[in-house]
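# Structural overview for review
If you want the building blocks of each chain, they are given just below.
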Amino acid sequence: SSGINAEYGDTSWEGYEQVPRDITTAYSTIFAEALQQMWDEVGLEPTHVMLQVGVGSFAAGGIAYCLKALQTPPRFVSVEPVDADCIYENVRVCGDGTLSCQGKTESISAGLNCGIPAGKTAWPLLRDHCSAYVALGDGWPVAAVRELYAKGVVAGESGCCGYAALMAARGNESVQRDLGLSEESVVLVVNTEGATDPLLYNEIIGKPVV
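Now for a look at the structure at hand. (Residues numbered from 1 in each chain as written. Predicted model: local features only at pLDDT ≥ 70, side-chain atom pairs only at ≥ 80, totals over all residues. Heavy atoms only, no water.)

### Considerations on unusual backbone geometry
At Cys94, a position not held by glycine, the phi torsion is positive, near 55°. With respect to the helices and strands, the residue Cys94 is situated in the loop between helix 3 (86-92) and helix 4 (123-129). A positive phi angle is found at Thr105, which is not glycine, with a value near 50°. Mapped onto the fold, Thr105 is located in the loop between helix 3 and helix 4. (Helix = DSSP H or I, 4+ residues; strand = E, 2+ residues; numbered from the N terminus.)

### A few points about the side chain of Asn113
Mapped onto the elements, Asn113 comes out in the loop between helix 3 and helix 4. A polar contact of 2.7 Å, which involves the side chain of Asn113, links it to the side chain of Ser107. Apart from residues lying up to four places away in sequence, Asn113 is in contact with Pro81, Ala84, Thr105, Glu106 and Ser107. (Polar contact = N/O pair within 3.5 Å; in protein donor to acceptor, adjacent residues only side chain to side chain. Contact = heavy atoms within 4.5 Å.)

### Observations regarding the side chain of Ser28
With respect to the helices and strands, Ser28 occurs in helix 1 (residues 18-42). Classification of Ser28 as buried rests on a relative accessible area of 17%. Residues within four places of Ser28 in sequence aside, it is in contact with Gly61 and Tyr65. (Buried < 20%, exposed > 50% of the residue type's maximum accessible area, 1.4 Å probe, protein only.)

### Some thoughts on the environment of Asn191
Examined against the element boundaries, Asn191 turns out to sit in the loop between strand 4 (187-189) and helix 8 (198-205). The spacing of Asn191 and Ala155 is 36 residues in sequence and 6.3 Å in space, taken between C-alpha atoms. Within the local environment of Asn191, its side chain forms a polar contact with the backbone oxygen of Val154, the two atoms lying 3.1 Å apart. From its side chain, Asn191 meets the backbone oxygen of Glu193 in a polar contact 3.3 Å long.

### Focus: the packing of helix 5 (residues 139-150) against helix 8
Where helix 5 meets helix 8, the axes come as close as 9 Å, and the angle between the chain directions of the two elements is 75°. Of the possible angle classes, the one that applies to helix 5 and helix 8 is roughly perpendicular. Together, Val142, Val145, Arg146 and Tyr149 of helix 5 and Tyr201, Ile204 and Ile205 of helix 8 make up the contact between the two elements. (Axes fitted to C-alpha atoms, helices over the stretch in contact; angles between N-to-C directions. Parallel < 35°, antiparallel > 145°, perpendicular 65-115°, else oblique.)

### A word on the environment of Met167
Among the secondary structure elements, Met167 is positioned in helix 6 (residues 161-170). The exposure class assigned to Met167 is buried, which follows from its relative accessible area of 9%. Taking the C-alpha atoms as reference points, Met167 and Ala144, 23 residues apart in sequence, are found 7.3 Å from one another. What Met167 contacts, discounting residues up to four positions off in sequence, is Trp140, Ala143, Ala144 and Glu147.

In short, geometric facts, not functional conclusions.
As structure tokens, this is what we get:
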């Protein structure tokens, strides 16, 4: 062993772009497998892809792969916590991807509490290809964790946010119109984590904390 410890992240800045770009590319594997599974099991391609966003690398990987693999591009929806909505904030003021969110990045979705986009790698794809930008209060991921648990799916407070956005739209006709959702829509959501915070997860689903 060299005795050197190295940590790599997907947030990019001047001079540190290749590793975040490689991480974004690696995320595309998830979407390759998901799209293949959808086609094999139900013979369908998504009309919408709900993408949870921290710095945006996961979402950018999904967008890049779907644009390459699908003949008809789906609608991509960026989903962030209200308290860490850096993509939404940059879009709202026509920013350049360097603006931070106005919140304190203290949402319950800890994995998305990033505050600043991966401006050199993820931001251009999210800016140019998302049809909508959604910011959710903490109540929605909490509700999503519970609903998915009832369906037999263990999803963390960050990993469930794409599904949480779909839940938010489900009972709101105005939001459905804004997102272009209808009864014919085929929506892809990806759960990107399990119970990464077991204490919080058990609290949300109502299990006693031992």
